[in-house]
Structure formats: structure tokens, C-alpha cells
Amino acid sequence: MNDSVLLPIEPSAQIICALAAGLTMHTTTLDRPLAFESEEETLPALTAQLLGLKAVHSEVDLIERLEKGLTIATVHSLQVRANLTDAETYQLIAPRRTLNRREASGQLLSSEEADKTVRVARVTARAQQIFAGQPAHAAAWLREPKSALGDRTPLQLLATESGALAVEEQLIGIEHGMFA
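Residues numbered from 1 in each chain as written. Predicted model: local features only at pLDDT ≥ 70, side-chain atom pairs only at ≥ 80, totals over all residues. Heavy atoms only, no water.

## Details of the overall build of the protein chain
Inclusion rule: Labels follow the DSSP assignment, with helices taken as runs of H or I lasting at least four residues and strands as runs of E lasting at least two, numbered in each case from the N terminus. Each residue is placed in one exposure class: buried if its accessible area under a 1.4 Å probe, protein chains only, is under 20% of its type's maximum, exposed if it is over 50%, and partly exposed if it falls in between. Any pair of residues with heavy atoms lying within 4.5 Å of one another is described as a contacting pair.
Along the protein chain, the regular secondary structure elements total 10 helices and zero strands. Going from N to C terminus, the protein chain has its helices and strands arranged as α-α-α-α-α-α-α-α-α-α. Residues counted as buried form 40% of the 180 residues belonging to the protein chain. The contacts of the protein chain with a sequence gap of at least 6 include a subset with a gap of at least 24, amounting to 49%.

## Notes on the nonpolar core
What counts is decided by this rule: Side-chain atoms within 4.5 Å link the members of a nonpolar core, which is a set of buried Ala, Val, Leu, Ile, Met, Phe, Trp, Tyr and Cys residues.
Leu 78, Leu 158, Val 167 and Leu 171 are the most contacted members of the largest nonpolar core, which totals 39 residues. Mapped onto this core, the elements with two or more residues apiece are α2 (43-51), α4 (72-81), α7 (111-130), α8 (135-143), α9 (154-157) and α10 (161-175). Residue contributions to this core peak at eight residues, all from α7. Contact partners of Leu 171, with chain neighbours within four places excluded, come to Val 123, Arg 126, Ala 127, Ile 130, Phe 131 and Trp 141.

## Some words on the packing of aromatic side chains
Heads up, the condition is: Centres within 6.5 Å make a pair out of two Phe, Tyr or Trp rings, where for Trp the six-membered ring is used; the pair is then stacked when the planes are under 30 degrees apart, edge-to-face when over 60, and tilted otherwise.
In the structure shown here, the tally under the stated rule is one aromatic pair. Ring centres of Phe 131 and Trp 141 lie 6.1 Å apart, and the angle between their planes is 45°; on these two criteria the pair is classed as tilted. With Phe 131 in the loop between α7 and α8 and Trp 141 in helix α8, this pair connects stretches of sequence that are 10 residues apart. Overall, Phe 131 belongs to the buried group, its relative accessible area being 19%.

## Here's the deal with the environment of Ala 45
Examined against the element boundaries, Ala 45 turns out to sit in helix α2. For the pair formed by Ala 45 and Ser 58, sequence separation is 13 residues and the distance between their alpha carbons is 6.8 Å.

And the structure:
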């Protein structure tokens, strides 16, 4: 007798039902990952990947990297990996002339510029997590106006920390099935 069952309900409910029925359940029957994340899938690690940073496993590691200073290469990495246009980059992080000057002189980003860079990466990574690692879906969601955000795009709101928090609240709501 086959004791594996695939139920058409959420994975957490599948696990509860299987345990209650005394069945063995294989994680391969789930249609999405379990609630816990591997180290590579944590938000700080995904944020670091977008920034092109290595050896970041926790929020503390990310903070330490931020305190040491970020180079213009992190902005370029974010731009490529998050599919940001030049206009979006200059609007969200720093003007073109400022970034060009930092690159030409080998200067680190200012703490404000570094914070903005990490903010955009963090919210983009969160969107990619929510949309099951599909960067194209996350990018589309970030660029579509949302009535709950005053008919602005989530990407526009990343210019401020308060705006980023509003966007993260929307993403958390999507994750928990509250709205799309």
C-alpha cells in the first residue's frame, strides 16, 4: 500500500493532515518549499547576492559589510541582477554624476547611498522570495502601480525607508495570502 498522499491544500496543512492520518509524507510531494529556509535562501543572503557580496549569512554580517563601506561595484551588481534601469538607479540611490565621480576616484559609497542600495536590494530579494525565485515576476510586481500604495509603483516608494516598509508590508500580505 502506498502511504504517500498529495492533498490539494497548503503544505503546512498537508503535513498536519498526513501526521494525523499516520501517513509518511515526502517533501517532494509539496508544491513549494517548507517554511524554513536554507542558509542560501535567507533574506540577508539573497540581498547580498543581489549586491555581489560574498560570505553574508545573517543580518549582522550584512550590517558589518555596510559599516565597512560599499563600493560602486555593489550598485552595478544590483543594477544587473535586479534589472534596474539607469533612471531607476539614479532616482533610488544617487545621481549619475555622484556615482560616476565615486567610480572614477575609487571612493566608497556614502553611508546614505549604501543604505539606499541595501534597501533596494533587500526589498527586491524579498519580492523574489515571495514570487518563488522568479525574478521576472518580482520585477513586474515592483513596477506595477498599486492602489494600496497610492497608485504608485513599489519601486518608486523605495526612495524612502517609510516607503520601503509599506512595500514590505504588501509583500508580507501577499506571502500570507491577504492580497495580491
